[in-house]
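Close look at the chain arrangement
What follows is each chain in one-letter form.
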Amino acid sequence: MNRRPAPSRAGARPRSLGLHVIAVTVGAFVIVPIAFGLLGGFKDAVQLSTDPVGLPSPWVFSNYADVLAAPSFWRQLGNSVLIALATTLVVVGVSALAAFVFARFAFRGRELFFTIFTVGLMFPFAVAILPLFVLLRAAGLLDNPLGVVLPQAAFGLPMTIIILRGFFRGIPGEIEEAATLDGCGAFGFFWKILLPMARPALATVSVLAVVGSWNNFMLPLVVFNDPSWWTLPLGVQQFQGQYATEWARVLAYVTVAMVPALAFYALAERRLVSGLTAGAMKG
Amino acid sequence: MRAAQDTSRLASPPGERRAPSPAAPAAGAAAPRPSRGHRLRGRLTIAAFLLPALLLFGLLVLAPILVAVYTSVFKWNGLRGLPDDFIGTANFERMFADEVFLGDLWRGAVLIVLSLAVQLPFALGVAMLLNQRMRGRAVYRMIFFAPYILSEVITGVLFSMILSPDGGLANLVLGTVGLESDWLSDPSTVMPSLFLVMTWKYFGFHMILYLTGRQGIPHEVTEAAQIDGAGSWQVFRYVTLPLLGPTIRISVFLSVIGAIQLFDLVWVLTGGGPAHSSETMAVTMFQFGFKRYQVGYANAISVVMFAVSLVFALVYQRYVMRRDTEGAITAMRSQR
């Protein structure tokens, strides 16, 4: 099966060494800034100014301890989690219903409606942010998590609907016929058969929704004035403003704020990567 | 038993049809007409399933954009009610006479050119590297993609310290070769610095796209070229690269759109400064809208930003991505 000519051993070694040298260089470009943050958090001000690159000596734990002991940090973490989960629930639920109709019903205006949603892919958040702010203010949704959750869900609809519709279309009609014969209504088929079958697609769109919500900055920035609703990105930015001169503290805060995303990534790398790229390819 | 079934339902796409073709007319016409009751129930079901999405999308996406367009022809501080001081195209005239806004366009173009000329080829190179058989490539891939999942704010705060003139990592390292600067506060270095941070954050994403695209190219194709005597550069240039076309075109598209709408990174790194020298359209809009309460003018900027993205998207999809729907060999063609 493998017909490729075997590389001569003599040539293979130096070549693979060269590849590793390049890969390690690129890796250093990526990791050094993160390591700078991680290690910087273990230093004090003097160490940071005299030796920003080396290992901390002695290791200072108070910066991290302070961050982890701060109620505001945990509050922001909780807010981020709450908002990400709520956004995901809304956008996936609402999109699944719509995608079901787009995938498996024939009705007048279907393509028109679907096109409207796909054009929505082109609407950047930034264009709508001012009127959205005015609207949310009029609806009394400022300093209310719904003021972030609902717009995030709304802007997530196009991508989610497109991905789910594609998946729903691929499910064979025989299954639906069998379900109908067994007395399943439209909703019964959707709820009991289609959704369980669509788990991989649901996971993909959920990943997109969670990551999008987790990293969103602009919308929470204008909606949340009250610090008790701040999400992690807002907290990090605010913390930098507040402790501009105390680098070690800021670096500790930034590092701790990275942990949830990196942990999620380490645990669900494949799902995350395939989800994020599927979004790009299908959009 | 077929008659009992509600024929307004699309029974299914016929088994073999893989790619959904939007052009296919809803094939209900040939089937026997369903009874009134069934049709009504079918319509109610459709409406009930579609309503939440339409409401959410209409109220929170379409309406704000329409409001932005509407208010862009008014002088309005955005404080209460609807604007009433109609000024026609004055906001747009002001915008195209405003050096900051014209600068935004220029800087956007610079970022796009840099992305396409440096960041994407770099990502492509790294992807080709990781496509080689080498030990630990899964680990490398994982590391290279990691910045993409960190938020723009975390990235921005981290790099604002790294690039800081007093005690920043950049000066310490580059100082050894005599390259020191106040990277983010010097108008001549702020854009390259911003671009460096963008590359750090986004190259891994494009790398993964290319890697996925490369893995979609069948071994037989590249092997055939090798057997015909092509060297590795020739294989890349005349086989791999053309077959990666659809992936590259998507990645270029995303890169351009991202540059047009860039906000978070700039806001956190520089706020657009010094003296507007790193400002983007979105940052200018935000400044006028939320800091200076010139909401009408800010919305006019939004409208132009939207128009630029839309025109680019339409032209690009019409003339550049069109080829991709006409049967590329790879599995990576965009699955619209």
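Residues numbered from 1 in each chain as written. Chains lettered and ligands numbered in written order. Predicted model: local features only at pLDDT ≥ 70, side-chain atom pairs only at ≥ 80, totals over all residues.

Considerations on the overall build of chain A
- Along chain A, the regular secondary structure elements total 14 helices and zero strands.
- Starting at the N terminus and walking to the C terminus, you meet the elements of chain A as α-α-α-α-α-α-α-α-α-α-α-α-α-α.
- Here chain A has a C-alpha radius of gyration of 24 Å; the compact-globule value for 283 residues is 19 Å, and the former is much larger.
- For chain A, the spread of C-alpha atoms along the three principal axes comes to 75 × 70 × 35 Å.
- Sorting the 283 residues of chain A into buried and exposed places 47% on the buried side.
- Look at the contacts in chain A between residues 6 or more apart in sequence, and 79% of them connect residues 24 or more apart. (Helix = DSSP H or I, 4+ residues; strand = E, 2+ residues; numbered from the N terminus. Rg over C-alpha atoms; globule rule 2.2 N^0.38 Å. Buried ≥ 20, exposed ≤ 12 C-beta atoms within 10 Å, placed from the backbone. Contact = placed C-beta atoms within 7 Å.)

Re the overall build of chain B
- What chain B contains, in helices and strands, is 13 helices and two strands.
- The 336 residues of chain B split such that 41% are buried.
- Residue pairs in contact within chain B that sit at least 24 positions apart in sequence constitute 68% of those at least 6 positions apart.

Some thoughts on the UniProt feature "domain: ABC transmembrane type-1" (unreviewed entry) in chain B
- In the numbering used here, UniProt assigns the "domain: ABC transmembrane type-1" (unreviewed entry) feature to residues 105–316 of chain B.
- For the annotated span residues 105–316 of chain B, helix accounts for 75% and strand for 0% of the residues, and the straight-line distance between the end C-alpha atoms is 19 Å. (UniProt positions renumbered as here; feature names shortened; annotations may be inferred.)

Re the domain arrangement of chain B
All names here are of chain B.
- When the domains of chain B are assigned, the result is domain 1 (36–91) and domain 2 (98–325).
- In this structure, domain 1 and domain 2 have C-alpha centres spaced 33 Å apart.
- Across the contact, 12 residues belong to domain 1 and nine residues belong to domain 2.
- Among the elements of the structure, α1 (36–71) and β1 (74–75) are those that each provide at least two residues to the side of domain 1 that touches domain 2.
- Per element, the largest residue contribution to the side of domain 1 that touches domain 2 is four residues, and it comes from α1.
- For the side of domain 1 that touches domain 2, the per-class residue count stands at six nonpolar, five polar and one charged. (Domains from an automatic or database assignment. Nonpolar A, V, L, I, M, F, W, Y, C, P; charged D, E, K, R; others polar.)

Topic: the nonpolar core
- Ranked by internal contacts, the top residues of the largest apolar core, which has 174 residues, are A:A98, A:F100, A:L164, A:V254, B:I301 and B:M305.
- Excluding its chain neighbours within four sequence positions, the residues that come into contact with A:F100 are A:F168, A:F190, A:L194 and B:F49. (Core = buried A, V, L, I, M, F, W, Y, C linked by C-beta atoms within 7 Å.)

Regarding the UniProt feature "domain: ABC transmembrane type-1" (unreviewed entry) in chain A
- Under the UniProt annotation, "domain: ABC transmembrane type-1" (unreviewed entry) lies at residues 77–268 of chain A.
- Helix and strand shares over residues 77–268 of chain A are 79% and 0% respectively, and the end C-alpha atoms of the span are 19 Å apart.

Side note on the domain arrangement of chain A
Residue and element names in this part refer to chain A.
- You can read the domains of chain A as domain 1 (9–63) and domain 2 (72–282).
- The centre of domain 1, based on its C-alpha atoms, is set 34 Å off from the matching centre of domain 2.
- With nine residues of domain 1 in contact, the opposing surface of domain 2 contributes eight residues.
- Looking at the side of domain 1 that touches domain 2, the elements that each hand over two or more residues are α1 (9–40) and α2 (45–50).
- The element that contributes the greatest number of residues to the side of domain 1 that touches domain 2 is α1, accounting for three residues.
- Looking at the side of domain 1 that touches domain 2, its residues break down into three nonpolar, four polar and two charged.

Considerations on the UniProt feature "transmembrane region" (unreviewed entry) in chain A
Residues and elements named next belong to chain A.
- Within the UniProt annotation, "transmembrane region" (unreviewed entry) is assigned to residues 21–42, 81–105, 112–136, 148–168, 201–224 and 250–268.
- End C-alpha to end C-alpha, residues 81–105 measures 35 Å, and it is 96% helix and 0% strand.
- Measuring from the first to the last C-alpha atom of residues 148–168 gives 29 Å, for a span that is 100% helix and 0% strand.

Thoughts on the UniProt feature "transmembrane region" (unreviewed entry) in chain B
Residue and element names in this part refer to chain B.
- Feature annotation in UniProt places "transmembrane region" (unreviewed entry) on residues 44–70, 105–130, 142–163, 190–211, 252–275 and 295–316, given in this structure's numbering.
- Between the C-alpha atoms that bound residues 190–211 the distance is 31 Å, and the span itself is 100% helix and 0% strand.
- In residues 295–316, the share of helix is 100% and the share of strand is 0%. The end C-alpha atoms are 31 Å apart.

Overview of the interface of chain B and chain A
- Listed as interface residues are 80 residues of chain B and, on the opposing side, 84 residues of chain A.
- Looking at the side of chain B that touches chain A, its residues break down into 58 nonpolar, 18 polar and four charged.

Digging into the packing of helix α13 (residues 247–267) of chain A against helix α5 (residues 152–162) of chain B
- Between α13(A) and α5(B), whose axes approach to 10 Å, the crossing angle comes to 150 degrees. In terms of orientation, α13(A) and α5(B) fall into the roughly antiparallel class. Considering only the axes of α13(A) and α5(B), their crossing is left-handed. On the side of α13(A), the interface is formed by A:W247, A:V250, A:L251, A:V254, A:A257 and A:M258, while α5(B) contributes B:I154, B:V157, B:L158 and B:M161. (Axes fitted to C-alpha atoms, helices over the stretch in contact; angles between N-to-C directions. Parallel < 35°, antiparallel > 145°, perpendicular 65-115°, else oblique. Left-handed = near helix turned anticlockwise from the far one by under 90°.)

Describing the packing of helix α6 (residues 125–138) of chain A against helix α13 (residues 295–319) of chain B
- It is the contact of α6(A) with α13(B), at a shortest axis distance of 8 Å, that shows an interaxial angle of 155 degrees. Our classification of the angle between α6(A) and α13(B) gives roughly antiparallel. Here α6(A) and α13(B) pass one another in a crossing that is left-handed. Side by side, α6(A) and α13(B) meet where A:A126, A:V127 and A:L130 of the first sit next to B:V295, B:A298, B:N299, B:S302, B:M305 and B:F306 of the second.

Topic: the confidence of the model for chain B
All names here are of chain B.
- Of all residues in chain B, 84% attain a pLDDT of 70 or more, and the chain-wide mean is 81.
- The element-level mean pLDDT for chain B is lowest in helix α6 (residues 169–175), coming to 78, with helix α3 (residues 99–131) highest at 94.
- Within the model, pLDDT remains below 50 along residues 1–32, and this stretch shows 41 contacts once partners closer than five positions in the same chain are excluded.
- Of the regions scoring below 50 in pLDDT, residues 326–336 engages in 27 contacts with residues more than four places distant in sequence or in other chains.
- Scored by ipTM, the complex comes to 0.87, with pTM at 0.84. (pLDDT = per-residue confidence, 0-100.)

Digging into the environment of B:S255
Residues and elements named next belong to chain B.
- Here S255 lies in helix α10 (residues 245–260).
- Overall, S255 belongs to the buried group, with 21 C-beta atoms counted inside 10 Å.
- Beyond its immediate stretch of four places on either side in the chain, S255 contacts S115, L116 and L120.

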